[in-house]
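Here is what each chain is made of, one letter per residue.
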Amino acid sequence: MRPELNRRSFVALAAATPLLAACGGAARQKAGTNSRAGLQAALPSHVPSSPVKPDIPSVAGGAGAATDPAFLSYPSNQAATVQGTPGRGGSYTAVTPLWGTVPPAGNSFYEAMNKALGVTLTMKPADGNNYNTIVPTMTAARRLPDWIQLPTWWNAIFDVGGLAGTQLADLTPYLAADKIKKYPNLAAIPTGAWQTGAWGDKLYGIPSFSSSFVIAGAVFHRRDILEARGITAGQVRSADDLMNLGKELTDAKRGVWAFDDVWTYLFPAWDVPLTWDVRDGRLIHKYEMPQFFEALDWHHRMARAGYLHPDAVAGQNANADTRFYSGKVLISGGGTGAWNLTDHQSGTAADKDYRRGAFDFFAADGTSAPRVAMGPSTNVISYLSDRLKPDQIEELLAVADYLAAPFGSAEYTMVNFGVEGVHFTMKDGVPTATEDGKKFVQAMTFPFLASPPAVISNPGAGVVTRDYAAWQAANVKSLYKPVFWNMNISMPRSLSGASAAQAVEDAVKDCYHGRTKVSEVQAAVSTWKTSGGGDRLKQWMTGNVLDKYGTGQ
Amino acid sequence: MVVPAIVLLLVFNYAPLFGLLTAFQYYDPPAGVWNSDWAGFDQFRLLFADPLFWGALRNTLYLGLVQLVLFFPIPIALALLLNSVLSVRVRNFIQSVVYLPHFFSWVLVITIFQQMLGGAGALNQFLRSHDLQTWDITTNPGTFVLLVTSQVVWKEAGWGIVVFLAALSAVNPGLYEAAAVDGAGPFRRMWHITLPGLRTVIVLMLVLRLGGTLSVGFEQFLIQRDAVGHETAEVLDTYAFYYGITTGDYSLGAAAGLFKSVISLLLIWGANKLAHFFGEDGLYRR
């Protein structure tokens, strides 16, 4: 089982395409976003539930941010939260993206799940790496399955705003306000997460892995190796500190470099937003900010100084984990989903002392308060087909309610570990996957359709849970809600090229790999603004979003 | 017997031609081909106004021509070399060894090159450990064309000899014996018997290869694009991918693809004409 690979991929991807994640829609569709009043009427009520008390409770930060509750052990008494089987014998097909090996069809886990759910749910996981090319062919042919997961960072490419109401079912009549109380586990998902699946003032999506601590990622380090040298993460309080550390750690002769690619996760230290910010009431793009180029300059200097691993410079990122595990790279960027049990197992297999750590957020100048933008409450949303009849939608919502059962419940155990004795066994209170479990039980299948709010739990590796929970608690106060947070903006397709700004992003990458100068990125930005549609994009965002709906903060 | 082949051709080569329509539209997948707005030649206007497109075209032609010049003769030379080896066992062994890389994926080939020649690869770590100057091979835009050509040679040269070996086996051995009796040495025999025997096939392969000049390869450049930067490694296929597929601007990508096909057709037509002009068969006998 690789329960967290998904989180890692999607957090990293979401960070790479923050604007794409925030916009979707086509010219023919009414472009814009949700209105405040309309959205309020469509959103479901929130009825929290916490049947199992976490070992490390959630800590609240500013702006609605909060750490994920953490569990050091797995409950031995797994209470049921759903009475009987939720389904009434219907047959459905579901498609989810999967980064990894696709389990064989009709395997014993699928069969056990169908029995527990009371429906025949044919799971068809599709290759996550090609998912963005698979889904448009299905929508073009109007052949969406009954239930499909559409990650938010592809909202624009999939045109989810346009699909909502034409190919995806409106769930507002079933879930709005108190109607959701019929499905208590779904009602326990926070309102913010439902908002990420709302389009045109109606509710369409069912969120998975919602969290109040969603960020682009963190700058990780090999805590074991740094501490052996007497270096603690707390000593790094500025960009200069980090550069000096890079110098100290790099030993090319021994094949050790300090850094892997960190740009995507480090640039917020210069107070650069993910995409947009509003200053004095005017919209400003990150490419227009001087601090964006200061951040680039630091990365450029770091690469030129030879602290960046040559394979990273060569764009060989597939084996970045291997470099980190083998200690050839000591500082690396990534989504926070990387901080998990699988990572711990892989790391300790390569080096028995392996321990992942992350630097606390800092401001580049070392004196300002660090600020890190929160991502949308979830990046994983599933949708139902609008070809389904009302009673079929109700049946699938009941199934979703089962899948969203809270951590430690009987249903959660079934969905995440399978059948005891077949797919897992309890060893010292830890659910441990059997061979069948490893092959068949995948986190990227059922939990990708619906799952409870995220928790930190790494059965058998308490150190990971403790480290990650402590890091979240230490940094939660730095999180802020960026402009247009959680707003699903539908944008004309003609602006998609401008919003992706591929030419600028290419220049940026060349620059932080030390190949081209900052001035060349500035030239690429000028071209993007005039002939690449950048100015048009800003005008459209100002006129259609900022002026009409505000910043959404 | 040919029915399955024809069906495959129709389904996978001719039916998709219908999709070329999208190059003249503002194609929107959920709306479908029939309901998308027509763009006339707008996509092509956008394409031709984009300096990045011209950069990609320039790179494609440059890389394609260098590969043509440096790669094309190698399988012929290899075939001749192999043909001169008398021991069947040695020949089969060499043939298997040079064939093998063809079955590697590009990801694997590039990883092998990176592990050997990369900044942290075997060569540079050796140089470092002896306090010698390191040699930047895999991330140097200036020598990228030589790097990718040597990758193609390593991967495909062995596979490329198949056709030539087949042609060689068709040469009448009696001719060699007669020439040997007349006192012709190995070089003269190659020049007057082997190469003329291969000429038709060489010209045919050259014409086909010219037609494929613009298809320098997609994966190879996609994987190494970050290593040397888009200015050096962007080819028409990666351009269509980045500016068409990944941004959801399918019509622009289709326009770039159609442009490439038209130019390729012109190249193959021109090369065939030229072959006929010089009295060769080219793709078909006139």
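Residues numbered from 1 in each chain as written. Chains lettered and ligands numbered in written order. Predicted model: local features only at pLDDT ≥ 70, side-chain atom pairs only at ≥ 80, totals over all residues.

J.: Explain the overall build of chain B to me, please; I cannot follow it from the model alone.
T.: Counting secondary structure elements, chain B contains 15 helices and two strands. Taken over the C-alpha atoms alone, chain B extends approximately 75 × 65 × 35 Å along its principal axes. Expressed as a percentage of its 286 residues, the buried residues of chain B come to 33%. Sequence-distant contacts in chain B: of pairs separated by 6 or more residues, those separated by 24 or more amount to 64%. (Helix = DSSP H or I, 4+ residues; strand = E, 2+ residues; numbered from the N terminus. Buried ≥ 20, exposed ≤ 12 C-beta atoms within 10 Å, placed from the backbone. Contact = placed C-beta atoms within 7 Å.)

J.: I keep staring at the interface of chain A and chain B and nothing clicks. Help me out?
T.: The interface is formed by 34 residues belonging to chain A together with 28 residues belonging to chain B. Tallying contributions element by element places helix H23 (residues 502-512) of chain A first for the side of chain A that touches chain B, with five residues.

J.: Mind showing me how you'd approach helix H7 (residues 106-117) of chain B here?
T.: In an α-helix, one turn spans 3.6 residues, which is why side chains three or four residues apart end up on the same side. Compared with the 16 Å implied by 1.5 Å per residue over twelve residues, the 16 Å span of H7(B) between its first and last C-alpha is a close match. The set of residues buried in H7(B) consists of Val109(B), Ile110(B), Phe113(B) and Gln114(B). The arc that holds the buried residues of H7(B), viewed along the axis, is 135°, so those residues lie on one side. On its buried face, H7(B) sits against helix H15 (310-313) of chain A together with helix H9 (144-169) and helix H12 (219-228) of chain B. (Expected span 1.5 Å × (residues − 1). Arc of directions from axis to C-beta.)

J.: What am I meant to see in the sheet that holds strand S10 (residues 218-222) of chain A here?
T.: In any sheet, the strands associate via hydrogen bonds between backbone groups, in a parallel or an antiparallel arrangement. Residues and elements named next belong to chain A. The strand order across the open sheet built from four strands is S11-S14-S10-S15, with neighbouring strands paired in mixed fashion. Taken across any chain shown, the strands that pair with only one partner, and hence form the sheet edges, are strand S11 (257-259) and strand S15 (356-358). Going across the sheet, the axis of each strand differs from the next one's by a mean of 30°, ignoring polarity. Across two bridges, the pairing between S11 and strand S14 (residues 329-334) is parallel. When the sheet's bridge partners are listed, Trp257 is paired in S14 with Val329. (Pairing = 2+ DSSP bridges. Axes fitted to C-alpha atoms, helices over the stretch in contact; angles between N-to-C directions.)

J.: When you look at helix H5 (residues 73-84) of chain B in this model, what are you seeing that I'm missing?
T.: Residues and elements named next belong to chain B. Between its first and last C-alpha, H5 extends 17 Å over twelve residues, near the 16 Å set by a 1.5 Å rise per residue. Along H5, the positions that sit buried rather than exposed are Pro75, Ile76, Leu78 and Ala79. Buried residues along H5 cover an arc of 165° about the axis, so they all sit on one side. More than 90 degrees from the buried face of H5, the exposed residues found are Pro73, Ala77, Leu81 and Ser84. Considering only its buried residues, H5 is in contact with helix H6 (88-99), H9 and helix H11 (186-211).

J.: Which parts of the structure should I look at to understand the confidence of the model for chain B?
T.: Note that predicted coordinates carrying low pLDDT should not be read in detail. Residue and element names in this part refer to chain B. Summing up the model confidence of chain B, the mean pLDDT is 87 and the portion of residues at 70 or higher is 100%. The secondary structure element of chain B with the lowest average pLDDT is helix H2 (residues 32-35), at 80, and the one with the highest is H7, at 91. Scoring of the predicted complex yields 0.84 for pTM and 0.81 for ipTM. (pLDDT = per-residue confidence, 0-100.)

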